[in-house]
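Below are the chains, spelled out letter by letter.
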Amino acid sequence: MKKFLFFAAVLMMAACGSKTGNNANGADSTVKDSVLTTETALSTDETEADLQKTIETQLQTVYAKLREMDASGDGINVNELDQQFCSEEFLRLQKEVYKKSENATSCEEAFSDEGWRWFPDISAAQTVDSVSVKLIGKDRAEAKFRLTDKRGFKAHQHLVMLLENGQWKIHNWIDPEAFPEGNYLDWMKLFLSK
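Residue numbers restart at each chain and count upward from 1, following the sequence in its written direction. Totals for whole chains, interfaces and linings use every residue, but because this is a predicted model, local features are given only for residues with pLDDT of at least 70 and side-chain atom pairs only at 80 or more, for both listing and counting. Excluding hydrogens and water, the side-chain figures rest on all heavy atoms present in the structure.

Undergrad: What is the right way to look at the overall build of the protein chain in this model?
TA: When helices and strands are counted, the protein chain shows five helices and four strands. Working definition: helices are DSSP H or I runs of at least four residues, strands are E runs of at least two. Numbering for both runs from the N terminus. Reading the protein chain from its N terminus to its C terminus gives the helix and strand order α-α-α-α-β-β-β-β-α. Burial classes follow relative accessibility: with a 1.4 Å probe on protein chains only, a residue under 20% of its type's maximum area counts as buried, one over 50% as exposed, and anything between as partly exposed. Taking all 194 residues of the protein chain together, 45% fall into the buried category. Every residue pair with non-hydrogen atoms within 4.5 Å of one another is taken to be in contact. Looking at the protein chain alone, contacts between residues at least 24 apart form 60% of all its contacts between residues at least 6 apart. Summed over its atoms, the accessible surface of the protein chain is roughly 10,600 Å², and 52% of this surface lies on carbon and sulfur atoms. Computed with a 1.4 Å probe, the accessible areas rest on the Shrake-Rupley method; for each residue, only the protein chains presented here act as cover.

Structure follows, in structure tokens:
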């Protein structure tokens, strides 16, 4: 706990010390989330190692829950995964999208990725491999990693995560090939704007 409080304090100091003011503009999530600037990066290897370990541990927790659901035989509840591991903004937008989608009169008016973001061309992930983490804001980090399922198939994941109430939450999935706007949040925003 002491280590986490120290880490949070360092994050706050890094955010306050930014010379560019980019951190104040981080509320709108787009593909630009994936750009790391030297001003927003953590300054010491030890702190970067702590961030890496903390987020990697959270990702292991996320996919352990997915494996647990898969092994239960009751099916994987994507909504439960979202509720437990996604950011407040993501969940708010998702709720608005589902509400609008309920009133759709055709497939074209509906919104669904059919859970793809949790299963990028693979079945339930058995391992989380090759995790790379970078801080891109005072409470925002980018995570890139590979997943391997029980058949040995591999897939890449690219997430933006937010620190909320002391826990790193999934905020955005980045994949220009899978999502019309290149990332999940902008895809939801586009759907809501129509």
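Further notes follow.
Undergrad: Even after reading the chapter, I still don't get the pattern of salt bridges, so can you show me in this structure?
TA: Side chains that carry opposite charge are capable of pairing whenever their charged atoms lie near each other. A side-chain nitrogen of Lys or Arg and a carboxyl oxygen of Asp or Glu constitute a salt bridge if their distance falls within 4 Å. Summed over the entire model, instances satisfying the criterion amount to seven salt bridges. The shortest N-O distance in the salt bridge between Asp149 and Arg151 comes to 2.9 Å. One salt-bridge network, held together by shared partners, links Lys65, Glu68 and Glu80.

Undergrad: I tried to follow the sheet that holds strand β4 (residues 167-173) on my own but got confused; where do I start?
TA: In sheet architecture, strand pairing relies on hydrogen bonds along the backbone and comes in two forms, parallel and antiparallel. Following DSSP output, two strands are said to pair if at least two bridges run between them. With respect to topology, four strands assemble into an open sheet ordered β1-β2-β3-β4, the strand pairing being antiparallel. At either end of the open sheet lies a strand with only one pairing partner, and these are β1 (125-137) and β4. Recorded for the sheet is a direction-independent mean angle of 35° between the axes of neighbouring strands. The axes are straight lines fitted to the C-alpha atoms, using for helices just the contacting stretch, and the angles between their N-to-C directions are given from 0 to 180°. Contacting β3 (154-164) and β4, helix α4 (residues 88-102) runs over the sheet at an angle of about 45° to β4.

Undergrad: In this structure, what is going on with the packing of α4 against helix α5 (residues 184-193)? I would like to understand it.
TA: Packed helices, taken two at a time, are described by the angle their axes make and the gap between the axes. Running from amino to carboxyl end, α4 crosses α5 at an angle of 40°, the nearest separation of the two axes being 10 Å. Seen along the crossing, α4 lies across α5 with a hand that is left-handed. Packed against α4, whose contacting residues are Glu89, Phe90, Leu93, Gln94, Glu96, Val97, Lys100 and Ser101, the element α5 presents Tyr184, Leu185, Met188, Lys189, Phe191 and Leu192 at the interface. When residues are grouped by polarity, Ala, Val, Leu, Ile, Met, Phe, Trp, Tyr, Cys and Pro land in nonpolar, Asp, Glu, Lys and Arg in charged, and all others, Gly among them, in polar. Its residues placed into classes, the contact of α4 with α5 shows eight nonpolar, two polar and four charged. The sense of a crossing depends on the near helix, which, turned anticlockwise from the far helix by less than a right angle, makes the crossing left-handed and, turned clockwise, makes it right-handed.

Undergrad: Help me understand the environment of Leu190, please; the structure alone is not making it clear to me.
TA: Following the sequence through the fold, Leu190 ends up in helix α5. Residues Leu190 and Pro180, ten residues apart in the sequence, show an inter-C-alpha distance of 9.1 Å.

Undergrad: Sorry, what's going on with the packing of aromatic side chains here?
TA: Two aromatic rings are characterised by how far apart their centres lie and by the angle between their planes. In this analysis, rings of Phe, Tyr and Trp, with Trp reduced to its six-membered ring, are considered paired at centre separations within 6.5 Å, and the interplanar angle assigns stacked below 30 degrees, edge-to-face beyond 60, and tilted for intermediate values. All chains considered together, the criterion is met by 13 aromatic pairs. Here the aromatic residues Tyr63, Phe90, Phe111, Trp116, Trp118, Phe145, Trp173, Phe179, Tyr184, Trp187 and Phe191 are joined through ring pairs into a cluster of three or more. Two conditions define a charge sitting above a ring: the NZ of Lys or the CZ of Arg must be within 6 Å of the ring centre, and it must be within 35 degrees of the ring normal. A cation over an aromatic ring shows up here: Lys100 above the ring of Phe191, its NZ or CZ 4.9 Å from the ring centre. The ring of Trp173 is capped by Arg117, whose NZ or CZ atom sits 5.4 Å from the centre of that ring.

Undergrad: Is there a simple way to explain unusual backbone geometry in this structure?
TA: Apart from glycine, the bulk of residues carry a negative phi angle, and the bulk of peptide bonds sit in the trans form. With phi around 50°, Ser130 is a residue other than glycine that occupies positive phi space. Tracing the backbone through its elements, the reader meets Ser130 in strand β1. Residue Asn165 is not a glycine yet carries a positive backbone phi of 50°. With respect to the helices and strands, the residue Asn165 is situated in the loop between β3 and β4. Taking relative accessible area as the criterion, Asn165 reaches 75% and is therefore assigned exposed.

Undergrad: What should I look at first to understand the confidence of the model for the protein chain in this one?
TA: Fine structural detail should not be taken from predicted coordinates in areas where pLDDT scores are low. The quantity called pLDDT is the predictor's confidence in a given residue, expressed from 0 to 100. Per-residue pLDDT for the protein chain averages 79, and the proportion of residues at 70 or more is 76%. Taken as a whole, residues 1-41 scores under 50 in pLDDT and shows 60 contacts with residues more than four places along the chain or in a different chain.

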